[in-house]
Amino acid sequence: MFALDADLSPFYNALAENDPLYWARNGAGRLLAAPSVFEDLVRTLCSTNCAFSATRRMVAALVRIGDGAFPTPQRILGLGEEALVTEVRMGYRARSLVALAERDCNGELDLESLRATAGAREEEVAAALGALHGFGPYAVAHAMQLLGFYRPLILDSWTRPTYARIIGKRSRSDAAIRRDFARYGAYAGLAFWLTLTKDWVPA
DNA sequence: CGTCCAGGTCTAC
DNA sequence: GGTAGACCTGGACGC
């Protein structure tokens, strides 16, 4: 769940001594993921267009109807879209969740094969995720990090102002933010996230 | 009690 | 190809 089989040494080794992220060489950058890709995508879906408190509420409700465990796609389909609205209170996201569960169940899409460690290619994973209903630029970038692809930047209503505050500006365009992190190459997204969450790490 | 909007996305121009 | 409008929900706010 911390993707310890993913080798971050290329990222660490490329950090110069004067890099603001030099501190991360001690093993930082491990994001907490779910046991399954399906669960990671569902949780990501539950984080779109709502406060983080709402995300936690929706996920808790899903676990409740899963009898204490995160519901399988079969379980989701058994419940149906209406129950996801009335019991999980996930609103319009229910439709996207049902669509995802259907594609996972009928074998149309092998979600586990989307992992970087499974040999998936970044462009294809981005395209596959982006084709899912309810997965726009934010959700795709967020899911990519959890799948082991660290290039995309997670740009949303929390990261944008948070980054602007860190660099002491009122705001900064997405294009400018991407330029700021382009030098990290395949680890630009991870570098962005570490920059935003440095104060989450005990000194 | 009404309005706004949050760790966005889809659809219709 | 770029952009308003609509969209579930429930806390946070103003009045």
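Residues numbered from 1 in each chain as written. Chains lettered and ligands numbered in written order. Predicted model: local features only at pLDDT ≥ 70, side-chain atom pairs only at ≥ 80, totals over all residues. Heavy atoms only, no water.

Draft legend 1. Quick peek at the domain arrangement of chain A. By domain assignment, chain A separates into domain 1 (9–30 + 152–200) and domain 2 (37–147). For domain 1 versus domain 2, the separation of C-alpha centres amounts to 26 Å. Each partner contributes to the interface: domain 1 provides seven residues, whereas domain 2 provides six residues. Between domain 1 and domain 2 the total buried area reaches about 500 Å² when both faces are included, carbon and sulfur atoms providing 71% of it. Here domain 1 is connected to domain 2 by zero salt bridges. For the pair domain 1 and domain 2, the number of links is one residue pair in polar contact (both at pLDDT 80 or more). Here the residues of the side of domain 1 that touches domain 2 are counted per class, giving five nonpolar, one polar and one charged. (Domains from an automatic or database assignment. Contact = heavy atoms within 4.5 Å. Buried area = accessible area lost by both parts, 1.4 Å probe. Salt bridge = Lys/Arg side-chain N within 4 Å of Asp/Glu carboxyl O. Polar contact = N/O pair within 3.5 Å; in protein donor to acceptor, adjacent residues only side chain to side chain. Nonpolar A, V, L, I, M, F, W, Y, C, P; charged D, E, K, R; others polar.)

Draft legend 2. Just the protein's contact with DNA strand C, in detail. Lining the immediate environment of DNA strand C, one finds Asn49, Arg57, Val85, Arg89, Met90, Gly91, Tyr92 and Arg93. Contacts to DNA strand C include Tyr92, whose backbone N or O atom sits 3.2 Å from a sugar or linking oxygen. A distance of 2.6 Å separates a base oxygen of DNA strand C from a polar atom in the side chain of Arg93. Within the surface near DNA strand C, the residues separate by chemical class into three nonpolar, two polar and three charged. (Near = heavy atom within 4 Å.)

Draft legend 3. Structural detail: a nonpolar patch on the surface. A contiguous nonpolar patch, built from Met1, Phe2, Leu4 and Leu32 and spanning about 480 Å² of accessible area, is present on the exposed surface. Relative to the helices and strands, Phe2 resides in the segment before helix 1 (9–13). (Patch = residues over 30% accessible without salt bridge, like charges linked within 9 Å, V, L, I, M, F, W, Y side chains within 5 Å. Areas by Shrake-Rupley, 256 points an atom, 1.4 Å probe, with all protein chains shown as cover. Helix = DSSP H or I, 4+ residues; strand = E, 2+ residues; numbered from the N terminus.)

Draft legend 4. How the structure looks around the layout of surface pockets. Within this model, the largest pocket holds a volume of roughly 1,300 Å³. What lines the largest pocket is a set of 41 residues, and nearest its centre among them are Phe52, Tyr138, His142, Trp193 and Trp200. Of all the elements in the fold, those that place two or more residues in the lining of the largest pocket are helix 2 (37–45), helix 3 (52–65), helix 8 (137–147) and helix 11 (188–196). For the lining of the largest pocket, a count of residues per class yields 21 nonpolar, 14 polar and six charged. (1 Å grid on protein atoms, 1.4 Å probe; cavity = no way out; pocket = protein on both sides within 12 Å on 5 of 7 lines; lining within 4 Å. Points joined across faces, edges and corners; volume = space filled by probe spheres on them.)

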